[in-house]
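Here are the chains, one letter per residue:
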Amino acid sequence: MSIFRTKNLDDMIASAQKPGGLAKVLGPMDLVLMGIGAIVGTGIFVLTGTGAVTAGPALTLSFVIAAIACGFAALCYAEFASTVPVAGSIYTYSYATLGELAAWMIGWDLLLEYGLATSAVSVGWSGYFQSLLAGFDIHLPVALTAAPGAIPGVSTIINLPALCIMLLLTAMLSIGVRESARMNNIMVVIKIGVVLLFIVVGARHVTPANWQPFMPYGMQGTLSAAALVFFAFIGFDAVTSAAEEVKRPERDLPIGIIGSLAVCTVLYVIVSAIMTGIVPFKEFLGIDHPVTLALQKAGENWFAGFVDLGAILGMTTVILVMAFGQTRIIYAMSRDGLLPKRLSEVHPRFHTPFFATWLVGIVFGILAALVPLNVLNELVNIGTLAAFSLVSIAIVILRKTRPDLKRAFRCPGVPVIPALAVIFCVTLMAYLSWFTWVAFGIWLAIGLVIYFTYARKNSALN
């Protein structure tokens, strides 16, 4: 049946090497910093407070559980990305192993995940940016500070800062990958410096008694927090979207994927331990700036401005990398005929998917500006967990169907490691709300309609 037709891996790799495509300009350090840029942002500056209320001091364990789930999936991603260095991430891998319909559905899922992630983080960026301006006694007109209905009892029209940051980063991405990577690297170094400074400053004010009881809500609370803070690890998979633009993908992609995840896990565990050691976990209820709160409790108010700056830079790089990843998935789907061909056109001067980049920036910039995004966290999580489960299944299938394929990096312990990745991801999905499942089901249903009315008959394999 046509819905199960697969793409030939050798043809995919050969097509990616053709001249006139995406420029190969990224090295291993670019990829590690790209991964850190996508991971360290909302998770460490916002979700740590919500997670602390849900799990208590066991939030550190919640981060470890989420990291393990990501780690198993990351090993599968590393094998795929280094073996099949083609744009499109799990969409491309699914097309080669599970068939066209599965590839379309996971591609459709990723469009939701990456798009809503950029919108949600843009709104968070706007809040920290306005907080930083307020420190200099600069205030925007209230009508321009939030989406309509986002603040109860306050009349607002548009979240102007969220729209502006989306359009600014879109312009940067459309001009070139090398330039965007350089800017990302600078911002990542600064924000990691801020996080390390928080660790040094905060460690002196930890009260070990605040870690008791360590697991106040039992394993249920710890797993619920793990499902929530999973959002904090989203981003390392965006590194695989850059596969076609990497100089030595067989070596550099595994370094970028696993290296960025390892660095961020260590930072998250240390920061969450210090935060819950300074502030009793119940006091984080309703707080959207938990790192700043910990510093205020410690009497280190002078450092709050640095935290705002670190949060702004952190969220900026998240938006940048997630928008980059989304445009490359759209590019791959368009090149395969599943989306209009205009979306895979490469600019002759900048060597970027120019039209697709601007389409993403404008659509999700408007979404961030006009829609209150208080439920997007879980929607992004369920999409990512589904993608991680699928890539873990696909790696086992590829081992069976193409044992001859040259693999620069091999996921250890197949099929045990991929099976553990699926078990961890499905378990975390089970702890998400019913509303999230319903909304996710509606999005997938829309995707099915589009596939059978447009994508299937326009597919290049047709």
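Rules behind the numbers
- Residues numbered from 1 in each chain as written.
- Predicted model: local features only at pLDDT ≥ 70, side-chain atom pairs only at ≥ 80, totals over all residues.
- Heavy atoms only, no water.
- Helix = DSSP H or I, 4+ residues; strand = E, 2+ residues; numbered from the N terminus.
- Rg over C-alpha atoms; globule rule 2.2 N^0.38 Å.
- Buried < 20%, exposed > 50% of the residue type's maximum accessible area, 1.4 Å probe, protein only.
- Areas by Shrake-Rupley, 256 points an atom, 1.4 Å probe, with all protein chains shown as cover.
- Lys, Arg positive; Asp, Glu negative; His and termini not counted.
- Charge placed at Lys NZ, Arg CZ, Asp CG, Glu CD.
- Contact = heavy atoms within 4.5 Å.
- Polar contact = N/O pair within 3.5 Å; in protein donor to acceptor, adjacent residues only side chain to side chain.
- Axes fitted to C-alpha atoms, helices over the stretch in contact; angles between N-to-C directions.
- Parallel < 35°, antiparallel > 145°, perpendicular 65-115°, else oblique.
- Nonpolar A, V, L, I, M, F, W, Y, C, P; charged D, E, K, R; others polar.
- Phe/Tyr/Trp six-rings, centres within 6.5 Å; stacked < 30°, edge-to-face > 60°.
- Lys NZ or Arg CZ within 6 Å of the ring centre and 35° of its normal.
- Left-handed = near helix turned anticlockwise from the far one by under 90°.
- Salt bridge = Lys/Arg side-chain N within 4 Å of Asp/Glu carboxyl O.
- 1 Å grid on protein atoms, 1.4 Å probe; cavity = no way out; pocket = protein on both sides within 12 Å on 5 of 7 lines; lining within 4 Å.
- Points joined across faces, edges and corners; volume = space filled by probe spheres on them.

**Some points on the overall build of the protein**
- When you go through the protein residue by residue, the secondary structure sums to 17 helices and 0 strands.
- Against the 2.2 N^0.38 benchmark of 23 Å for 462 residues, the protein shows a C-alpha radius of gyration of 21 Å, consistent with a compact globule.
- Taking the principal axes of the C-alpha coordinates as reference, the protein spans close to 65 × 50 × 40 Å.
- Here the protein holds 462 residues, and the buried ones make up 58% of them.
- Looking at the protein as shown, the accessible area adds up to about 17300 Å², and 70% of this sits on carbon and sulfur atoms.
- Measuring between centres, the 26 positive side-chain charges of the protein sit 7 Å from its 22 negative side-chain charges.

**Let's talk about the environment of Ala226**
- Take Ala226: it is sitting in helix α9 (residues 218-229).
- Residue classification places Ala226 among the buried positions, given a relative accessible area of 0%.
- Along the primary structure Ala226 and Ala67 are separated by 159 residues, whereas in three dimensions their C-alpha atoms are 9.0 Å apart.
- When near neighbours in sequence (up to four residues on either side) are disregarded, Ala226 contacts Ser62, Ile65, Ala66 and Leu428.

**What about the side chain of Arg407?**
- Looking at the secondary structure, you find Arg407 in the loop between α15 (376-401) and α16 (416-430).
- In this structure Arg407 comes out as buried when scored by relative accessible area, which is 11%.
- Polar side-chain contacts of Arg407 include one of 3.1 Å to the backbone oxygen of Leu405.
- With near-sequence residues (within four places) excluded, Arg407 lies in contact with Glu79, Thr83, Leu398, Arg399 and Arg402.

**Overview of the packing of helix α4 (residues 59-83) against helix α5 (residues 90-97)**
- At a minimum axis separation of 11 Å, α4 and α5 run at an interaxial angle of 75°. As far as their axial angle goes, α5 and α4 are roughly perpendicular. Only Ile90, Tyr93 and Thr97 of α5 make contact with α4, whose side of the interface consists of Tyr77, Phe80 and Ala81.
- Considered class by class, the residues forming the contact of α4 with α5 number 5 nonpolar, 1 polar and no charged.

**Here's the deal with the packing of aromatic side chains**
- This model, assessed by the stated rule, comprises 15 aromatic pairs.
- Judged by centre distance (5.6 Å) and plane angle (80°), the rings of Tyr77 and Phe388 are edge-to-face. Placement of the pair is Tyr77 in helix α4 and Phe388 in helix α15, with a sequence separation of 311 residues.
- In this structure Phe388 comes out as buried when scored by relative accessible area, which is 0%.
- One cation-aromatic arrangement involves Lys7 over Tyr95; the distance from NZ or CZ to the ring centre is 5.8 Å.

**Let's talk about the packing of helix α6 (residues 100-135) against helix α13 (residues 304-335)**
- As a packed pair, α6 and α13 sit with axes 8 Å apart at the nearest point and diverge in direction by 160°. Classified by the angle between their axes, α6 and α13 sit roughly antiparallel to one another. α13 is crossed by α6, and the crossing has left-handed handedness.
- Partitioned by chemical class, the residues of the contact of α6 with α13 number 21 nonpolar, 10 polar and 2 charged.

**Description of the side chain of Thr316**
- Its place among the elements puts Thr316 in helix α13.
- Ignoring anything within four residues of it in the chain, the contact list for Thr316 reads Trp125, Ile165, Leu169 and Met187.

**A few points about the pattern of salt bridges**
- Scanning all chains against the criterion turns up 13 salt bridges.
- The shortest N-O distance in the salt bridge between Glu300 and Arg204 comes to 3.2 Å. Taken together, the residues Glu300 in the loop between α12 (290-297) and α13 and Arg204 in the loop between α8 (177-203) and α9 connect sequence positions 96 residues apart.
- Given the relative accessible area of 61%, Arg204 is considered exposed.
- We note a salt bridge from Asp404 to Arg402, for which the minimum N-O separation is 3.0 Å.
- On the basis of relative accessible area, Arg402 is assigned to the buried category, the value being 19%.
- Through salt bridges with shared partners, a single network forms among Asp10, Arg402 and Asp404.

**Side note on the layout of surface pockets**
- Roughly 280 Å³ of internal volume is contained in the second largest pocket.
- For the second largest pocket, the lining is made up of 13 residues, of which Leu111, Gln326, Ile330, Val363 and Phe364 are closest to its centre.
- Within the lining of the second largest pocket, the residues separate by chemical class into 12 nonpolar, 1 polar and no charged.

**Thoughts on the environment of Met34**
- With respect to the helices, strands and loops of the structure, Met34 is situated in helix α2 (residues 28-39).
- Of the residues examined, Met34 reaches a relative accessible area of 7% and is grouped as buried.
- C-alpha separation for the pair Met34 and Leu160, spaced 126 residues apart in sequence, amounts to 26 Å.
- Once you skip the residues sitting within four places of it in the chain, Met34 turns out to touch Leu26, Asn184, Val239, Ala242, Val321 and Phe324.

**Quick look at unusual backbone geometry**
- Residues Gln212 and Pro213 are joined by a peptide bond in cis, for which omega reads -10°.
- In this structure, Pro213 sits in the loop between α8 and α9.
- Cis rather than trans, the peptide bond between Val414 and Pro415 has omega equal to 10°.
- Inspection of the secondary structure assignment puts Pro415 in the loop between α15 and α16.
- A positive phi angle is found at Asp137, which is not glycine, with a value near 60°.
- For Asp137, the position within the fold is in the loop between α6 and α7 (160-175).
- Asp137 gets classed as exposed once you look at its relative accessible area, which sits at 62%.

Distances and angles like these do not, on their own, reveal function.
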